[in-house]
Amino acid sequence: MKLYIKALFLFTLSFLAVGAKTHAQDFKPGHFPDRVILTWAADPATSQTVNWRTDTTIKASKAQIKAEDSNPALEQSITSYEATSTLLGSGNNYEIAKYHHVTFTNLKPETVYAYRVGSGEHWSEWFQFTTASVNHKPFSFIYLGDAQNDIRSKWSRVIRKAFSHQPDARFIIHAGDLINRSNNDQEWGEWHYGGGFINGMIPSLPAPGNHEYVRDDKRKLVLDPHWGVQYTFAGNGPKGLEESVYYVDYQDMRIISLDSQMIILDENSAKAEYEWLEKVLKENKKLWTVITFHHPIFSTAKSRDNKEFRERFKPLFDQYHVDLVLQGHDHTYSRGQNLPRGLSGREVNGPVYLVSVAGPKMYQVDGAKWMDVSLENTQLFQVIHVDGANLKFEAYKTSGELFDAFSLKKAGRDHAAAFTDLNPAKNTKP
C-alpha cells in the first residue's frame, strides 16, 4: 500500500511538471527573426528604425525596404541595409542572443513602406509602416500605462484592443514597467508576444520604470541590458543616459521621455536630466509638447508621493507650457489639471497630468486632492488625436467603453492650452 501511495505521489508530481512545461511559452531565439519592433533614431518623416533578434548562428543580418506598390513581387526593386548587430551575453534569466538594428534613411514623407528583416533563408514576414508628414496633418497615437504582470495572458488584449480601435495610430507611448523583473528574458518574450505584429508596424516610445532596473553587487542602479539592444533611439539624451532619455519630434509635436527612476534615486542623474530638459524645452519650436515618464509627480496614493521630483521639475513644465504629462506606476487611472498650490488656491494653466495602467496589477486611490477624475481596478488604453491647434484625449476601458475625455486648444507654443472637459459622466444630460 505504501509503495502504491509513493508511486501515485511521484506520478502526480511528474504530471504537474509536464503540465507546467506544456503551458510555458518558449521564447528562445532562433534562426528566424523575432521581436521585430520599430523605434526612431532620426526624423520620423524621412527615416525609420527597426530592431529584431536572432540566435547566434546568424552572423550577419540585414533589412530590405521598398515603397509599397501593392505588387506581390516584393523582392524586386528593394533597397538593402546591413544591420548593426550586438551580442547580448548570457545572464541569470536569459540566454545569449544576437540583436540587430537598421535605420532606413532618405525616405519620402507621408509614404507607406514595406520591409522585412533577416538573412539567407531566414526572413521575417513583410511589414508596413507610414512615414510622418512634413506638414501639420492630423494624426493619432496611443498611450499605455504599466504592463508589468501577466503580460502574455492579460496585458496582450489591451494593446490589441487599442490597435483595433486606432489601427492608424502613428506611435505608442509606454509609460514604464513594461515587465516585472529586470533582466528576465521570459517576461520580455511575453511583452513582444503581446504586441506581436503591432510592434513591427507602429513605432514604440517607451520610458523605463523602476522594474526595468536592478542594483548590481556595488548597489549601483543598472538598466536592464535588453533595453538598449531592443530599442534604438537618437542618442540625444544627457551623457550616460542616452538609452533611457530622449526626445522625438513628430510633425508639430515634441515627445520627451525621461528616466524617473534615475531622477528619484540618483542626484547626479536628476541634475543632468533637469539641465537637459530645460535646454530641450527652451529650444523647442513645436506647437505641442508631451512629456512621459514612469513615477507620477502627483500620485494617486499618499504613500507614493514624489515631492522632491515635483518641486524640482514642475516649474519647468509650467514655464514652457507643457501640454500633457503621461505617467504610470500607480496602477490606477487619474487625471488632473487645476493643481494644488499651497493654501492660496488652484492654478489653471499647468499641463494635464495623467496616470494610467494597462496591465492587471491594481492599486487603490486614497483621495489625493489633485485629481479631477479617477478610477480603480480597471485596465485601460488611451488614444490622443492631434489636428493642428486642437488635441483630443480619450481614455477607454479594455471593453472599448469611453471612460474619460477632454480637449485642448492651443493659441501658440508660448501659451498654455485651453482645456475643455469632455468626460462622458460629467457631460451626460439627464
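Above this note sits the structure.
It should be emphasised that the depicted structure is a prediction, and the values quoted were computed from it without experimental measurement.

Scoring rules and cut-offs
- Residues numbered from 1 in each chain as written.
- Predicted model: local features only at pLDDT ≥ 70, side-chain atom pairs only at ≥ 80, totals over all residues.
- Heavy atoms only, no water.
- Helix = DSSP H or I, 4+ residues; strand = E, 2+ residues; numbered from the N terminus.
- Buried < 20%, exposed > 50% of the residue type's maximum accessible area, 1.4 Å probe, protein only.
- Contact = heavy atoms within 4.5 Å.
- Areas by Shrake-Rupley, 256 points an atom, 1.4 Å probe, with all protein chains shown as cover.
- Pairing = 2+ DSSP bridges.
- Axes fitted to C-alpha atoms, helices over the stretch in contact; angles between N-to-C directions.
- Expected span 1.5 Å × (residues − 1).
- Bend = angle between axes of the 7 residues up to and from the residue.
- Parallel < 35°, antiparallel > 145°, perpendicular 65-115°, else oblique.
- Left-handed = near helix turned anticlockwise from the far one by under 90°.
- Polar contact = N/O pair within 3.5 Å; in protein donor to acceptor, adjacent residues only side chain to side chain.
- Phe/Tyr/Trp six-rings, centres within 6.5 Å; stacked < 30°, edge-to-face > 60°.
- Lys NZ or Arg CZ within 6 Å of the ring centre and 35° of its normal.

## Side note on the overall build of the protein chain
Okay, step 1: Looking only at helices and strands, the protein chain features seven helices and 27 strands.
Okay, step 2: The buried share among the 430 residues of the protein chain stands at 53%.
Okay, step 3: Looking at the protein chain alone, contacts between residues at least 24 apart form 68% of all its contacts between residues at least 6 apart.
Okay, step 4: Of the accessible surface of the protein chain, which amounts to about 19500 Å², a share of 51% is contributed by carbon and sulfur atoms.

## Some words on the sheet that holds strand S5 (residues 84-88)
Okay, step 1: If you walk across this open sheet you meet the four strands as S1-S2-S6-S5, and the pairing is antiparallel. Either end of the sheet is taken by a strand with one partner, and the two such strands are strand S1 (34-39) and S5. Along the sheet, successive strands turn relative to each other by an average axial angle of 20°, direction set aside.
Okay, step 2: In the sheet, S5 pairs with strand S6 (residues 97-104) via five bridges, with the strands oriented antiparallel. Paired with Leu-87 across the two strands is Lys-98, which belongs to S6.
Okay, step 3: Here helix H3 (residues 185-195) sits on the sheet in contact with S1, strand S2 (48-54) and S6, set at roughly 65° to S1.

## Digging into helix H2 (residues 151-165)
Okay, step 1: With 15 residues, H2 should reach 21 Å at 1.5 Å per residue; the first-to-last C-alpha distance of 20 Å fits that figure.
Okay, step 2: Among the residues of H2, those classed as buried are Ile-151, Trp-155, Ser-156, Val-158, Ile-159, Ala-162 and Phe-163.
Okay, step 3: Of the surrounding secondary structure, the elements contacted by the buried residues of H2 are strand S10 (139-144), strand S11 (172-174), H3 and strand S24 (380-387).

## Some remarks on unusual backbone geometry
Okay, step 1: Of note, His-329 is a non-glycine position whose phi angle comes to about 75°, a positive value.
Okay, step 2: For His-329, the position within the fold is in the loop between strand S18 (324-327) and strand S19 (333-336).
Okay, step 3: For His-329, a relative accessible area of 12% corresponds to the buried category.
Okay, step 4: At His-331, a position not held by glycine, the phi torsion is positive, near 55°.
Okay, step 5: Structurally, the position occupied by His-331 is in the loop between S18 and S19.

## Considerations on helix H7 (residues 307-319)
Note: α-helices contain 3.6 residues per turn, so residues at a spacing of three or four share the same orientation.
Okay, step 1: The end-to-end C-alpha distance of H7, which contains 13 residues, comes to 18 Å, matching closely the 18 Å that a straight helix rising 1.5 Å per residue would cover.
Okay, step 2: Of all the bends in H7, the largest measures some 35° and sits at Phe-313, one to four residues before the proline Pro-315.
Okay, step 3: The set of residues buried in H7 consists of Phe-309, Arg-310, Phe-313, Lys-314, Leu-316 and Phe-317.
Okay, step 4: Elements in contact with the buried residues of H7: helix H5 (260-265), helix H6 (267-282), strand S17 (288-292), S18 and strand S22 (352-355).

## Here we look at the packing of H2 against H3
Okay, step 1: Interhelical geometry of H2 versus H3 gives an angle of 30° and a closest axis separation of 8 Å. Looking at the two axes, H2 sits roughly parallel to H3. As H2 runs across H3, the sense of the crossing is right-handed. Residues Ile-151, Arg-152, Trp-155, Ser-156, Ile-159 and Arg-160 of H2 touch H3, and the partners they reach there are Glu-187, Glu-190, Trp-191, Tyr-193, Gly-194 and Gly-195.

## Considering the side chain of Gln-230
Okay, step 1: Among the structural elements, Gln-230 can be located in helix H4 (residues 225-230).
Okay, step 2: Accessibility expressed as a relative area gives 2% for Gln-230, which makes it buried.
Okay, step 3: Of the polar contacts made by the side chain of Gln-230, one reaches the side chain of His-192; its length is 3.0 Å.
Okay, step 4: Every residue in contact with Gln-230, bar those within four places of it in the chain, is listed here: Ile-37, Asn-51, Tyr-99, Trp-188 and His-192.

## Structural notes on the packing of aromatic side chains
Given two aromatic rings, one states the distance between the centres and the angle between the planes to describe the pair.
Okay, step 1: Within this structure, the stated rule accounts for 34 aromatic pairs.
Okay, step 2: Centroid distance Phe-393 to Phe-406: 4.8 Å. Interplanar angle 10°. Geometry classified as stacked. Of the two residues, Phe-393 sits in strand S25 (residues 390-397) while Phe-406 sits in strand S26 (residues 402-409), which places them 13 residues apart along the sequence.
Okay, step 3: Taken together, the ring pairs connect Trp-155, Trp-188, Trp-191, Trp-227, Tyr-231, Phe-233 and Tyr-246 into an aromatic cluster.
Okay, step 4: Over the face of the ring belonging to Trp-123 we find Arg-116, whose NZ or CZ atom lies 4.0 Å from the ring centre.
Okay, step 5: Positioned over the ring face of Phe-298 is Arg-310, at 5.1 Å from the centre of the ring.

## Overview of the pairing of S24
Okay, step 1: S24 sits mainly inside the fold: six of its eight residues count as buried.
Okay, step 2: Summarising the sheet, S10 and S24 pair through five bridges and their orientation is antiparallel. Residue Tyr-143 lies in a different strand from S24, and its bridge partner there is Gln-382.
Okay, step 3: Where S24 lies against S25, eight bridges are found, and the strand directions are antiparallel. Looking across to S25, one finds that Gln-382 is bridged to Ala-395.
Okay, step 4: In textbook terms, the turn of a hairpin is the stretch between consecutive antiparallel strands, and for S24 and S25 this stretch comprises two residues, one of which, Gly-388, has a positive phi near 60°.

Purely geometric stuff here, so don't read any function into it on its own.
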